[in-house]
Amino acid sequence: MSDPSESVRVEGVHLLRDRVALQEALAELRERGDSLALVPTMGYLHEGHLSLVDQAHGSADTVLLTIFVNPLQFGEGEDLEHYPTDLEGDVRKARARGVTHIFAPPVSEMYPDGPPVIRVDPGPMGKRLCGISRPHHFPGVLTVVARLFALIRPDVAVFGRKDYQQAVLIRQMVRDLALDVDVQVGPLVREHDGLALSSRNVYLSPIQREVAPRFQAELARAASDFLGGMTEARHLVSGVRDRLERGGGMRVEYIEVVHPETLLPMETARVGAVLAGAVHIGSTRLIDNVLLGVRDEDPRLPPSDRSRRA
Ligand code: AMP
């Protein structure tokens, strides 16, 4: 399974490690007349990723999951080297959710000519929110997603609302570059205590893990303040920021109320506005968001269901 030139069928899954194997598998699917849904991930799968797989099954005959830790989207000093991986576990989890095709290429297969010279520029929307502290992140994300779209030519691609800014940028890229893909955005899956599922949660120490749910709790409290009539964005934001900082154990990178499509900051929050933020707990950076005035329907895992975690 570690030989990248190998295309193997692991317990009923086509594990494709190179572009030739990918193209052969795609040709077979096309011959069958299957429609194709793509779920791009960096692996270390959890229920958030798998919920996107479920959604993808509802939209196409075959679901192709990709697992690729994309070096382009990591800045210097970020966690590229330590990013958690578990290919065998991922194959098992994906298979249990009906995935038959997994494309998990090494970097040399994804970028055979070295790092791409031409990259997708996310424009001003990519320079806000997470783009401020991570200026290379969204150009890296959009470049790899465009490359995946070109290699795979899926009918549908499913992304998670957890990475709200990413989903908006991908939608915009598809519109601006006239890419023929139906982009869908799946719900944000949370732990029982509200913490958004993330492969990076594994970095948290037990004490940090106890602190982490406060992030979502304060966003949720602001969402209920909004429902109670507090519409001034700066009050909502400062409330969240102050309470998080006062609570300790967390450093706030940003909290903002933004327009759901343009990501522009809003002075007065309206229904559907996004309250988004990033915090640091020790050396772990977490992001989260809630939609104001929209019923919180984010799925939560039951407390005891440890097997479904990464
Ligand atoms: P990643 O592996 O972190 O690059 O994530 C791959 C995809 O899974 C992205 O579209 C993410 O938005 C999505 N995702 C990650 N965490 C969650 C979550 N807790 N709920 C829903 N989708 C998620």
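What counts and what doesn't
- Residues numbered from 1 in each chain as written.
- Predicted model: local features only at pLDDT ≥ 70, side-chain atom pairs only at ≥ 80, totals over all residues.
- Heavy atoms only, no water.
- Patch = residues over 30% accessible without salt bridge, like charges linked within 9 Å, V, L, I, M, F, W, Y side chains within 5 Å.
- Areas by Shrake-Rupley, 256 points an atom, 1.4 Å probe, with all protein chains shown as cover.
- Salt bridge = Lys/Arg side-chain N within 4 Å of Asp/Glu carboxyl O.
- Lys, Arg positive; Asp, Glu negative; His and termini not counted.
- Charge placed at Lys NZ, Arg CZ, Asp CG, Glu CD.
- Helix = DSSP H or I, 4+ residues; strand = E, 2+ residues; numbered from the N terminus.
- Buried < 20%, exposed > 50% of the residue type's maximum accessible area, 1.4 Å probe, protein only.
- Expected span 1.5 Å × (residues − 1).
- Contact = heavy atoms within 4.5 Å.
- Near = heavy atom within 4 Å.
- Polar contact = N/O pair within 3.5 Å; in protein donor to acceptor, adjacent residues only side chain to side chain.
- Nonpolar A, V, L, I, M, F, W, Y, C, P; charged D, E, K, R; others polar.
- Domains from an automatic or database assignment.
- Buried area = accessible area lost by both parts, 1.4 Å probe.

A. Spotlight on a negative patch on the surface. Among the surface-exposed residues, Asp61, Asp155, Asp180 and Asp182 lie close enough to one another that they form a single negatively charged patch. With respect to the helices, strands and loops of the structure, Asp182 is situated in strand β7 (residues 182–186). The exposure class assigned to Asp182 is partly exposed, which follows from its relative accessible area of 40%.

B. Main features of helix α10 (residues 233–247). An ideal rise of 1.5 Å per residue puts 21 Å on 15 residues; α10 measures up with 21 Å between its terminal C-alpha atoms. Close packing links the buried residues of α10 with α9 (213–227), β8 (251–258) and β9 (274–281).

C. Just the site of the ligand, in detail. Near the ligand, the surroundings consist of 17 residues, among which His49, Gly160, Asp163, Val189 and Leu197 are the closest. For the ligand, an oxygen atom lies 2.9 Å from a polar atom in the side chain of His49. Here Val189 contributes a backbone N or O atom positioned 2.9 Å from a nitrogen atom of the ligand. Contact with the protein chains covers 93% of the free accessible surface of the ligand, which is 480 Å². Counting residues per element, the ones that place at least two in the shell around the ligand are β3 (36–41), α2 (47–57) and β6 (156–160). It is α2 that provides the largest number of residues to the shell around the ligand, a total of three residues. Of the residues in the shell around the ligand, the class split is nine nonpolar, six polar and two charged.

D. Structural detail: the pattern of salt bridges. Within this structure, the stated rule accounts for 15 salt bridges. Across the pair Asp34 and Arg32 runs a salt bridge, and its minimum N-O distance is 2.8 Å. By relative accessible area, Arg32 is classed as exposed at 54%. Its salt-bridge partner being Arg190, residue Asp298 comes within 3.0 Å of it at the nearest N-O pair. Linking Asp298 in the segment after β10 (284–291) with Arg190 in the loop between β7 and α8 (206–211), this pair joins segments that are 108 residues apart in sequence.

E. Quick peek at the domain arrangement of the chain. One can read the domain layout of the chain as domain 1 (7–186) and domain 2 (199–305). Here the C-alpha centroids of domain 1 and domain 2 sit 26 Å apart. For the pairing of domain 1 and domain 2, the buried interface totals around 2,000 Å² over both sides, and the portion due to carbon and sulfur atoms is 56%. Three residues, Leu129, Arg161 and Tyr164, lead the burial of domain 1 against domain 2; their summed loss comes to 34% of the area buried on that side. Run the count over domain 1 and domain 2 and you get two salt bridges. Across the pair Arg200 and Asp79 runs a salt bridge, and its minimum N-O distance is 2.7 Å. Where domain 1 packs against domain 2, one counts ten residue pairs in polar contact (both at pLDDT 80 or more). The greatest single-element share of the side of domain 1 that touches domain 2, amounting to three residues, is contributed by helix α7 (residues 164–176). Per-class residue counts for the side of domain 1 that touches domain 2 are nine nonpolar, six polar and seven charged.

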